[in-house]
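These are the residues of each chain, in order.
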Amino acid sequence: MPQSIHNDQHKDLRDGVRDLCKNFPGSYWRELDQTRAYPEAFVKALTDAGYLAALIPEEYGGAGLGVTEASIIMEEINRSGANAGACHAQMYTMGTVLRHGSEAQKREYLPRIASGDLRLQAFGVSEPTTGSDTTQLKTIAVRKGDKYVIRGQKIWISRAEHSDLLLLIVRTTPIAEVKKRTDGLSVLLIDMREAVGHGLTIRPIRTMMNHATTELFFDDLEVPVSTLIGEEGKGFRYLIDGLNAERILIAAECVGDGRWFIDRATKYANERVVFNRPIGQNQGVQFPIARAHVNVEAADLMRIRAAEMFDRGEPCGAEANMAKLLAADASWEAANVAVQTHGGFGFAEDYDIERKFRETKLYQVAPISTNMILAYVAEHVLGLPRSY
Ligand SMILES: Cc1cc2nc3c(=O)[nH]c(=O)nc-3n(C[C@H](O)[C@H](O)[C@H](O)COP(=O)(O)OP(=O)(O)OC[C@H]3O[C@@H](n4cnc5c(N)ncnc54)[C@H](O)[C@@H]3O)c2cc1C
């Protein structure tokens, strides 16, 4: 069974996550998928076992592990047939508070996030009119005394209905008044329990998979100035600082998905007999599975490299982005192969293939689309002219 990153601690971690996930079989995820319900029991079990606090330092009540270990947790969740999309944001969103929050903010929030008393599952960047061009975002926060007044709209903000806290990116200085378009953005940590009904409205968006994503409307929401993380106007840099961890964790989820699809396709190709032979005996069936496996394993190597560089504190923007692109492409290829191998049964809900197929497609677009990674590599790794 392919498995990356070997040592005893990692084996224990994998075994622990696998055991937990066994309590949440395909039937659990299918039922939630049909009703578009949030996997409350699964997220609670992960939280209670401490897995979602993997990256929170021990002094704040977490496990103090690295991104390598956090990525193993995400990989094993997806590899079990589950979907880490229900809870992954807490791992990387928390990093902004950890790296740039004041000591008082860290003491206030991190231990309660680690224990599960508070959920920080929502991360508000995307807007309907600006898309991938983040610096053009239009949600503004105007300072009035000891408050910020927030006005604007966000879209695709996932898990907002299931999170207590929202890490929100806003413009605090109009773009016309800054030297660089990356200046003048700020990060606020908002308690949504107080905000909903007082200037914040959450509207769910139904999507092709069960992702609990929403639209947020800010109509002069007033929040205390103490919600500001770090320095006013430096939010874009804080955002960028968190992206490498995000890319690596998502890459690991894709590797988990890819391995799940390949396991399923291989098993079915061995068992399904048509024309008096297992379908997997035909090269036309086995080669695509083998190729998908090769690509998942290659993507995993880049994910391991990126994770290890991250944990050594080395710059890893190129590796993290490349890992995300390779892994998302590999899981999508494996998803297509799994459907094809299953023939008609690939479309049947009971097999879970079609559900995972819909779920893994997201990674071609979110949290960053494949084209934007290629643009990053072209410009920042190869020195080609900026294309946008
Ligand atoms: C289910 C779901 C959950 C999400 N969760 C969150 C969340 O929790 N928080 C959050 O902030 N956001 C979230 N997002 C938003 C996600 O990050 C964006 O959808 C993604 O970054 C792409 O932005 P966009 O949809 O505006 O696409 P656009 O920017 O409009 O792009 C559309 C297409 O055009 C391509 N494109 C655009 N510009 C260029 C260019 N210059 N060169 C080449 N190609 C280009 C893109 O690659 C893409 O394929 C989520 C999205 C989805 C669908």
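Structure: above.
None of these values were measured; they are calculated from a predicted model.

Enquirer: Can you walk me through the site of the ligand in this structure?
Expert: By nearness alone, 20 residues border the ligand, and Phe123, Ser126, Ser132, Trp156 and Ser369 come closest of all. Take Phe123: an N or O atom from its main chain is 2.8 Å from a nitrogen atom of the ligand. The backbone of Pro367 places a nitrogen or oxygen atom 3.3 Å from an oxygen atom of the ligand. Taking 970 Å² as the accessible area of the ligand by itself, protein coverage stands at 66%. For the shell around the ligand, the secondary-structure elements that each account for two or more residues are β3 (147-158) and α12 (370-381). For the shell around the ligand, the element with the most residues is β3, which contributes 3 residues. Considered class by class, the residues forming the shell around the ligand number 11 nonpolar, 8 polar and 1 charged.

Enquirer: Would you take a moment to explain the environment of Phe357 for this structure?
Expert: Of note, Phe357 is situated in helix α11 (residues 353-361). Of the residues examined, Phe357 reaches a relative accessible area of 24% and is grouped as partly exposed. In contact with Phe357, not counting residues within four places along its chain, are Phe261, Trp332, Ala335, Asn336 and Val339.

Thresholds, definitions, all that
Residues numbered from 1 in each chain as written. Predicted model: local features only at pLDDT ≥ 70, side-chain atom pairs only at ≥ 80, totals over all residues. Heavy atoms only, no water. Near = heavy atom within 4 Å. Polar contact = N/O pair within 3.5 Å; in protein donor to acceptor, adjacent residues only side chain to side chain. Areas by Shrake-Rupley, 256 points an atom, 1.4 Å probe, with all protein chains shown as cover. Helix = DSSP H or I, 4+ residues; strand = E, 2+ residues; numbered from the N terminus. Nonpolar A, V, L, I, M, F, W, Y, C, P; charged D, E, K, R; others polar. Buried < 20%, exposed > 50% of the residue type's maximum accessible area, 1.4 Å probe, protein only. Contact = heavy atoms within 4.5 Å.

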